[in-house]
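Given next are the chains, with one letter for each unit.
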Amino acid sequence: DTREFSDGVLTNAARQVVKEPVEVRSWIVCDGDVDPEWIEALNSVLDDNKLLTMPNGERISFGPNVNFIFETHDLRFASPATISRMGM
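Residues numbered from 1 in each chain as written. Predicted model: local features only at pLDDT ≥ 70, side-chain atom pairs only at ≥ 80, totals over all residues. Heavy atoms only, no water.

Caption draft 1: Region of the structure containing the packing of aromatic side chains. Counted by the stated rule, this structure contains three aromatic pairs. Plain terms: the ring middles of F68 and F70 are 6.3 Å apart, the flat faces sit at 15 degrees to each other, and that makes the pair stacked. Judged by relative accessible area, F70 falls into the buried class, the value being 16%. Every member of this aromatic cluster is reached through a ring pair, and the members are W38, F62, F68 and F70. (Phe/Tyr/Trp six-rings, centres within 6.5 Å; stacked < 30°, edge-to-face > 60°. Buried < 20%, exposed > 50% of the residue type's maximum accessible area, 1.4 Å probe, protein only.)

Caption draft 2: Just unusual backbone geometry, in detail. For K50, which is not a glycine, the phi torsion comes out positive at approximately 50 degrees. Counting through the fold element by element, K50 comes out in the loop between α3 (43-46) and β2 (51-53). Residue K50 is classed as partly exposed on the basis of its relative accessible area, which comes to 21%. (Helix = DSSP H or I, 4+ residues; strand = E, 2+ residues; numbered from the N terminus.)

Caption draft 3: Representation of the side chain of S26 within the structure. Looking at where S26 falls in the secondary structure, it is placed in strand β1 (residues 26-31). Among residues more than four places away in sequence, those in contact with S26 are V17, E20, N65, V66 and N67. (Contact = heavy atoms within 4.5 Å.)

Caption draft 4: Molecular detail of the nonpolar core. In terms of nonpolar packing, the biggest core is built from 18 residues, with L52, F62, F68 and F70 touching the most fellow members. Listed by contribution, the elements that provide at least two residues to this core are α1 (9-17), β1, α3 and β4 (66-71). Here the element with the most residues in this core is β4; it accounts for three residues. For L52, the contacting residues outside a window of four places in its chain are A14, A41, L42, V45, E58, R59, I60 and F62. (Core = buried A, V, L, I, M, F, W, Y, C linked by side-chain atoms within 4.5 Å.)

Caption draft 5: Main features of α1. Buried within α1 we find T11, A14 and V17. Buried residues of α1 fall within an arc of 130 degrees about the axis and therefore sit on the same side. Exposed residues lying more than 90 degrees from the buried face of α1 are V9 and Q16. (Arc of directions from axis to C-beta.)

Caption draft 6: Spotlight on the layout of surface pockets. By volume, the largest pocket amounts to about 350 Å³. In terms of lining residues, the largest pocket is bounded by 22 residues, among which L10, T11, C30, W38 and L42 are the most central. Residues that form the lining of the largest pocket fall into these classes: 15 nonpolar, three polar and four charged. Roughly 180 Å³ of volume is contained in the second largest pocket. Around the second largest pocket, the lining is made up of eleven residues, and of these L46, F68, F70, R85 and M86 lie nearest the centre. Of all elements in the fold, only α3, β4 and α4 (80-86) reach the threshold of two or more residues within the lining of the second largest pocket. Counting residues per element, the lining of the second largest pocket draws most heavily on β4, at five residues. Among the residues forming the lining of the second largest pocket, the class breakdown is eight nonpolar, one polar and two charged. (1 Å grid on protein atoms, 1.4 Å probe; cavity = no way out; pocket = protein on both sides within 12 Å on 5 of 7 lines; lining within 4 Å. Points joined across faces, edges and corners; volume = space filled by probe spheres on them. Nonpolar A, V, L, I, M, F, W, Y, C, P; charged D, E, K, R; others polar.)

This is how it looks when you write it as structure tokens:
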């Protein structure tokens, strides 16, 4: 266990969509429960900044052509800040 950050599924998807030209609309689909432990890290992605900050300090900025969809059964564990950013 080196405690070094390595890309996961969301980070890999983020790196792929930011390489696309602005004319190409991209969608990142998150399917599962909205858990505060990981969704709070996406608050800056869901607001006007559209900026994902990684645990290692790296930042990925999304253009207007990138959209997120969250498919979940309920939002009982989501914070009011997250719900408002999602446009629920």
